[in-house]
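Single-letter residue listing:
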Amino acid sequence: MDKKAKQILLKTFWSSRGWKDRPYVYEGEDFVYAKSKGVMFDPLTIHHDEAVRQIVELHEQVTKEKVAKAFLHSLSTRKIHLRSALASWVLTRQFVQHSFESNAGRYTAPTAGVAYAMYGDCYVCDSYHIAGLESYTDEDMNVLNFERHKWGGVRLNYLPYVLQDLQLMSKEPELEVTVADVAIWRQVLAAIESCEPTDAARQLEKRLAGLFASSKNERDAFMEILASAGILATTKDRPGRGGKNDFFAVVNWRGEDGYSRQAVQDLFGTWM
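Residues numbered from 1 in each chain as written. Predicted model: local features only at pLDDT ≥ 70, side-chain atom pairs only at ≥ 80, totals over all residues. Heavy atoms only, no water.

Q: What exactly am I supposed to notice about the packing of helix H10 (residues 201–208) against helix H11 (residues 216–228) here?
A: Two numbers describe a pair of packed helices, the interaxial angle and the distance between the axes. Interhelical geometry of H10 versus H11 gives an angle of 120° and a closest axis separation of 10 Å. One finds that H10 runs oblique with respect to H11. Crossing handedness for the pair H10 and H11: right-handed. Residues Ala201, Arg202, Leu204, Glu205 and Leu208 of H10 pack against Lys216, Arg219, Asp220, Phe222 and Met223 of H11. Partitioning the contact of H10 with H11 into residue classes produces five nonpolar, no polar and five charged. (Axes fitted to C-alpha atoms, helices over the stretch in contact; angles between N-to-C directions. Helix = DSSP H or I, 4+ residues; strand = E, 2+ residues; numbered from the N terminus. Parallel < 35°, antiparallel > 145°, perpendicular 65-115°, else oblique. Left-handed = near helix turned anticlockwise from the far one by under 90°. Contact = heavy atoms within 4.5 Å. Nonpolar A, V, L, I, M, F, W, Y, C, P; charged D, E, K, R; others polar.)

Shown next as structure tokens:
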């Protein structure tokens, strides 16, 4: 990772006061430099079907072992941009090539027959919990990569993010998993197990503080990744239990759910 390029990316969107106004056009010497290092990008225009095709092909290059190694490697190094590929890979591990199929009218509320959408506009993508639209025009891939580097990813199930995430992971060199990484991961699992039955994500986030270098927002993203990867999986339906927070995939998880031992063994069994 080129440090100068990363700083250009971060400073484009963030200051000591928080978010900056997003540029209408990316240009200038700094942008050209960051783009040359594969950290910033031109806007993306792509049809749903082509994005799906590319994701399916990327699974031939990006293996389960690669994303698992990257996730574990990030724990002691705080290279948080390496984490979300775990979620991107799991969400699309069964992805098959398909054409856009509108979900308009495909879902109805229990009462009154009111139609509503799920994650995006594609009925097939919905079945994978992916937010897919029919097409994307001048999609800002830089803000997505900024979120990936700043917090570990935000729009984890957004089709262009999944595509970019796997593309960037495919270019990462071989990463090492250390004893320290595995020790941290074991502590994370122990923290999950220590939760009270009624604890929600916010209580888990507080238990994770201090286990590895991270901010509150990074830990929030960390839990979202675990939920998207099927590790923080709910064991019962809890409609309407979200409350006032910014959580998405992990919103209905509770301490009584613990973690999926099957998912942990599947993804990390080599190191456990």
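Q: Looking at this model, I keep getting lost on the side chain of His48. Mind explaining?
A: Among the structural elements, His48 can be located in helix H3 (residues 48–58). A polar atom in the side chain of His48 sits 2.8 Å from the side chain of Asp49. Looking at His48, its side chain comes within polar contact range of the side chain of His98, at 3.2 Å. If sequence neighbours within four positions are ignored, His48 has contacts with His98, Ser99, Phe100, Cys122, Cys125, Leu133, Glu134, Ser135 and Leu159. (Polar contact = N/O pair within 3.5 Å; in protein donor to acceptor, adjacent residues only side chain to side chain.)

Q: Is there a simple way to think about helix H1 (residues 3–13) in this case?
A: Think of an α-helix as 3.6 residues a turn; residues three or four steps apart then line up on the same face. Taken together, the buried positions of H1 are Ala5, Ile8, Leu9, Leu10, Thr12 and Phe13. Contacts from the buried residues of H1 go to strand S1 (14–15), strand S2 (18–19), helix H2 (29–36) and helix H7 (141–150). Near the N-terminus of H1, the side chain that reaches the backbone nitrogen of Lys4, with its oxygen 3.2 Å away, is that of Asp2. (Buried < 20%, exposed > 50% of the residue type's maximum accessible area, 1.4 Å probe, protein only.)

Q: Just checking my understanding: could you explain the pattern of salt bridges for this structure?
A: Pairing is possible between side chains of opposite charge, provided their charged atoms come close. Throughout the structure, instances matching the rule amount to 18 salt bridges. Note that Arg53 is salt-bridged to Glu50, the shortest N-O span being 2.5 Å. With Arg53 and Glu50 both in helix H3 and three residues apart, the pair spans about one turn of that helix. Residue classification places Glu50 among the partly exposed positions, given a relative accessible area of 29%. Taking the shortest distance from any N to any O, the salt bridge between Glu193 and Arg261 comes out at 2.2 Å. Pair noted here: Glu193 is in helix H9 (residues 179–193) and Arg261 is in helix H12 (residues 261–268), with a separation of 68 residues, a long-range link. Residue Glu193 is classed as partly exposed on the basis of its relative accessible area of 44%. (Salt bridge = Lys/Arg side-chain N within 4 Å of Asp/Glu carboxyl O.)

Q: What is the right way to read the packing of aromatic side chains from this model?
A: Any pair of aromatic rings gets described here by the distance separating the centres and the angle formed by the planes. Per the counting criterion, the structure on display carries 17 aromatic pairs. A ring pair is formed by Trp19 and Trp151, whose centres lie 5.8 Å apart and whose planes are at 50°; its orientation type is tilted. On the criterion of sequence distance, the pair formed by Trp19 in strand S2 and Trp151 in the loop between H7 and helix H8 (159–170) is long-range, its members being 132 residues apart. By relative accessible area, Trp151 is classed as buried at 11%. With centroids separated by 5.5 Å and ring planes inclined at 80°, the aromatic side chains of Phe146 and Trp151 adopt a geometry described as edge-to-face. (Phe/Tyr/Trp six-rings, centres within 6.5 Å; stacked < 30°, edge-to-face > 60°.)

Q: Would you mind showing me how to read the environment of Val162 here?
A: Note that Val162 resides in helix H8. For Val162, a relative accessible area of 0% translates into the label buried. Expressed as a C-alpha distance, the spacing of Val162 and Ala85, which sit 77 residues apart in the sequence, is 7.8 Å. Dropping the residues within four chain positions of it, Val162 is found in contact with Ile55, Ser88, Thr92, Ile130, Leu156 and Asn157.

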